[in-house]
Amino acid sequence: MGLPLRTYPRYPQPMSANINLHLVSDSTGDTLNAVARAAVAQFDDSRIIYHRWSLIRTRFQVHKVIDGIEAEPGPVLSTLMEKGLRTELELACQRLGISVVHVLDPVLSLFQEQFGATASTRPGRQYVLDQDYFKRIDAIHYVLSHDDGQAQAGIAEADVILVGVSRSSKTPTCFYLANRGIKAANVPLVPALGEPDALANPHCPVIGLSIDADVLIDIRRNRLRMIGGNPSGAPRHDSGDYVDQDAVKAEILWSKRLCTRRGWPVIDVTRRSIEETAATIVQLMESWQSRRAKSAAEPRA
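Please read all numbers here as calculations on a predicted model, not as lab measurements.

Quick notes on the rules
Residues numbered from 1 in each chain as written. Predicted model: local features only at pLDDT ≥ 70, side-chain atom pairs only at ≥ 80, totals over all residues. Heavy atoms only, no water. Salt bridge = Lys/Arg side-chain N within 4 Å of Asp/Glu carboxyl O. Helix = DSSP H or I, 4+ residues; strand = E, 2+ residues; numbered from the N terminus. Buried < 20%, exposed > 50% of the residue type's maximum accessible area, 1.4 Å probe, protein only. Pairing = 2+ DSSP bridges. Axes fitted to C-alpha atoms, helices over the stretch in contact; angles between N-to-C directions. Contact = heavy atoms within 4.5 Å. Parallel < 35°, antiparallel > 145°, perpendicular 65-115°, else oblique. Left-handed = near helix turned anticlockwise from the far one by under 90°. Nonpolar A, V, L, I, M, F, W, Y, C, P; charged D, E, K, R; others polar. Right-handed = clockwise from strand over helix to strand, strands pointing away.

Colleague: An account of the pattern of salt bridges is requested, with residue identities and associated values reported.
Modeller: One pass over the full model with this rule turns up seven salt bridges. Of the charged contacts, one joins arginine 95 and glutamate 70 as a salt bridge, the two residues approaching to 3.7 Å between their closest N and O atoms. Taken as a pair, arginine 95 in helix H3 (residues 83-96) and glutamate 70 in helix H2 (residues 59-71) lie far apart in primary sequence, 25 residues in all. Among the residues examined, arginine 95 registers a relative accessible area of 53% and is labelled exposed. Classification of glutamate 70 as partly exposed rests on a relative accessible area of 39%. Among the salt bridges present, the one from glutamate 195 reaches arginine 262, with a minimum N-O distance of 2.1 Å. With glutamate 195 in the loop between strand E7 (184-188) and strand E8 (206-210) and arginine 262 in helix H9 (residues 245-262), this residue pair connects regions lying 67 residues apart in the sequence. In the salt-bridge network here, residues are joined through shared partners; they are Asp138, Glu157 and Lys183.

Colleague: An account of unusual backbone geometry is requested, with residue identities and associated values reported.
Modeller: One non-glycine residue, leucine 55, lies in the positive phi region at around 55°. With respect to the helices, strands and loops of the structure, leucine 55 is situated in the loop between strand E3 (48-53) and H2.

Colleague: Describe in detail the sheet that holds strand E9 (residues 266-268), supporting the description with residues and values.
Modeller: Within a sheet, adjacent strands bond to each other through the backbone by hydrogen bonds, running parallel or antiparallel. Strand order in the open sheet formed by four strands is E7-E6-E8-E9, and the pairing between neighbours is parallel. Of all the strands in the sheet, the pair left with one neighbour each is E7 and E9. Across this sheet, the average inter-strand angle for adjacent strands is 30°, counted without regard to direction. Inspection of the sheet shows E8 paired to E9 by three bridges, in the parallel sense. Each bridged residue has a counterpart across the sheet, and for leucine 209 the counterpart in E9 is isoleucine 267. Across the face of the sheet, helix H6 (residues 170-178) comes into contact with strand E6 (160-164), E7 and E8 while running at roughly 170° to E7. Across the sheet, helix H10 (residues 274-297) lies against E6, E8 and E9, angled at about 160° from E9, the strand it touches most.

Colleague: So, the packing of helix H7 (residues 213-227) against H9: which residues are in play, and what are the values?
Modeller: When two helices pack together, their arrangement is captured by the angle between the axes and the distance separating the axes. Following both chains from N to C, one finds H7 and H9 inclined at 115°, their axes separated by 10 Å at the closest point. Classified by the angle their axes make, H7 and H9 are roughly perpendicular. In terms of crossing hand, the pair formed by H7 and H9 is right-handed. In contact with Ala213, Asp214, Leu216, Ile217 and Arg220 of H7, H9 contributes Gln245, Val248, Lys249, Glu251 and Ile252. Residues of the contact of H7 with H9, tallied by class, amount to five nonpolar, one polar and four charged.

Colleague: Break down the environment of valine 65 for me, with residues and values.
Modeller: Mapped onto the elements of the fold, valine 65 is located in helix H2. On the basis of relative accessible area, valine 65 is assigned to the buried category, the value being 1%. The sequence separation of valine 65 and leucine 23 amounts to 42 residues, and the corresponding C-alpha distance is 9.7 Å.

Colleague: Give a detailed account of the pairing of E7, specifying residues and quantitative values.
Modeller: With respect to burial, E7 is a largely interior element, five of its five residues being buried. Side chains Ala184, Asn186 and Pro188 project from E7 onto one buried face, and the interleaved Ala185 and Val187 project onto a second face that is buried too. Across five bridges, the pairing between E6 and E7 is parallel. Looking across to E7, one finds that leucine 162 is bridged to asparagine 186. As a crossover connection, the stretch from E6 through H6 into E7 is right-handed.

See the structure below:
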């Protein structure tokens, strides 16, 4: 694949200056966005102007990218696979004195050594209409149908059930999991209604989401401001109790105690991103499945 890094000497810009960062991809650009975001997050006070160039698969498109780089110079991250396009981009960057990194090269080189085979250079091979793709679509439809305790009869199809008080990030977490092909149902925990019937005998992992009371109150107040009062169609909440500190603390405590009593793990999402919460959920799901498989394999007395 060649060297992963092409560096051409240039005086570094001061941290206070805006830096143009060009992300050049022959596919959707999701990989580059994730890599760039993870790297930039390690630098405080970074001021990055992103220039995203996706679905770059012809020489004409590469020439447009080069024109853009020349107009607003800055380092380039690339996932281009086709050799001719890569070479054109590298030569242009060398002429402009700009660094370019092909971010997949180190991983591809490692796999080539391990597999003893040459990597394909076909762009976008991870985006195919295969079984995994349709599994993700099915999971998204599932979340839409089973959000906030809806269609409880279908909970038997869930891969995981998330529980927690209102506005504890259950819905966005479910959608994030769905994009990974996981059917995630979410069931609200409301002290006045008691333990939901759908959770009497769950067939899959049940995971609680908890959150700091003050943070939750702020989220709920913003929610009320957005909708202009009580949530429409949700009479279970009195607007006073919904944001009253003592009532909210009691609500959170009740939900935690319910999870503890039922043996459901609880994740504190107060300072977690949706991605971090989802990663922890996947780990807990794998642990649950491992324990279940081990239990099933043990001989019965």
